[in-house]
Amino acid sequence: VNANPAAREQRRNRLLGGLAGVVLLAGAAAGAYWWLHASHFVSTDNAYAAAEVAQVTPSIGGTVLEVLVRDTQAVKQGDVLVRIDPTDARLALAQAEAELARATRRVKGYVANDGGLKAQVTAREADEKRAAAQLLAAEADMARATIDLQRRQALAKSGSVSGEELTQAQNAFAAAKAQQASAVAAQAQARANREAAIGAKQVNATLIEGANAETNPEVQLAQARRDQAQVDLDRSTVRAPIDGVVAKRSVQIGQRVQAGAPLMTVVPVQQIYVDANFKEGQLGKVRVGQRVQLQSDLYGSDVKYSGTVVGFSGGS
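In this report, we go over the structure that sits alongside the text. Small disclaimer: the values here were computed from a predicted structure and weren't measured.

Another aspect to go through is unusual backbone geometry. The backbone of Thr72 sits at a positive phi, close to 75°, despite the residue not being glycine. Within the secondary structure, Thr72 is located in the loop between strand E3 (62–67) and strand E4 (74–75). Overall, the relative accessible area of 64% leaves Thr72 in the exposed class. Here Lys248, not a glycine, exhibits a phi torsion of approximately 55°, which is positive. Structurally, Lys248 can be placed in the loop between strand E7 (244–247) and strand E8 (256–257).

The next subject is the nonpolar core. Ranked by size, the top nonpolar core spans 16 residues in total, and within it Val75, Leu81, Val82, Val251 and Met264 carry the most contacts. Looking at this core, the elements with two or more residues in it are E3, strand E5 (80–84) and strand E9 (264–267). Counting residues per element, this core draws most heavily on E5, at 3 residues. Setting aside residues up to four positions removed in sequence, Met264 forms contacts with Ala54, Gln55, Val56, Val69, Leu81, Val82, Val246, Ala247, Lys248, Arg249 and Val251. In this structure, Leu100, Tyr110, Val219 and Ala222 belong to the second largest nonpolar core, which totals 7 residues.

It is worth spelling out the sheet that holds strand E6 (residues 237–239) at this point. Strands sit in the order E6-E5-E3-E8 across an open sheet of 4 strands; the sheet is antiparallel. At either margin of the open sheet sits one strand with a lone partner, and together these are E6 and E8. Taken together, the 2 bridges between E3 and E8 define a ladder with antiparallel strand orientation. Paired with Gly62 across the two strands is Val257, which belongs to E8.

The rules we used
Residues numbered from 1 in each chain as written. Predicted model: local features only at pLDDT ≥ 70, side-chain atom pairs only at ≥ 80, totals over all residues. Heavy atoms only, no water. Helix = DSSP H or I, 4+ residues; strand = E, 2+ residues; numbered from the N terminus. Buried < 20%, exposed > 50% of the residue type's maximum accessible area, 1.4 Å probe, protein only. Core = buried A, V, L, I, M, F, W, Y, C linked by side-chain atoms within 4.5 Å. Contact = heavy atoms within 4.5 Å. Pairing = 2+ DSSP bridges.

Spelled out as structure tokens, the structure:
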């Protein structure tokens, strides 16, 4: 039976009109969705997970005694990763402690010497006074011997004094003169001894001025060296700087390592972030603090993660 061609044409037009209406409706819905929702978001597939890894390096050199972790092992901050032979560090610490004890005793000796040096100054001052008195006595003897000699020389001209008496007066004068010279020298020596004692006391006072056996610079220097030796000994145990997972472990037992040489890295898997690469035109309305939704290639669109924009690279 042949259908009416006009009816077929009419039915086809209705179908085409309905299809066109569906297409227009779908386009309008898509446009409305983009205008009302999608236009407020930007997206990219060019994104990668990353983390601020911590590189583990020793602060001192030495021979590795133990390696206590392996790649992919989870560690907590402070966990022991590697132990370096501490023998040299222990010897250095013992030497530094001995030097600290010696410096402390030396400074205490300075304090004790201060009293002794003060007594020496007092004794030298007394010696100087005694020498001054002896000089006065020698000068008096010299004056008396001079007068006696002059008197006898005058009497000898008239024959009132014998030659023997004149000789005795001359000898007494010479002895008094020598005694006076000796007294002058003794006084100079006593003065010099007093000044030397004062100088020694001043030098010792400078070593202990404004400090005691604990705060003296010599003791503090020895203390600092002892503390540094203790720190070096503590650093023979290498610990995890952060929580994370061990990666790129390259250290082995018996290996001789230098300070600063990379031993392994620790990846803080709980602090992973995403580097997302957008076109510049997409970033016009993106701001720090905005919420972000992420999907992983591993789990697909069924699993969604929430995040926050924390910053832009300098090139942006």
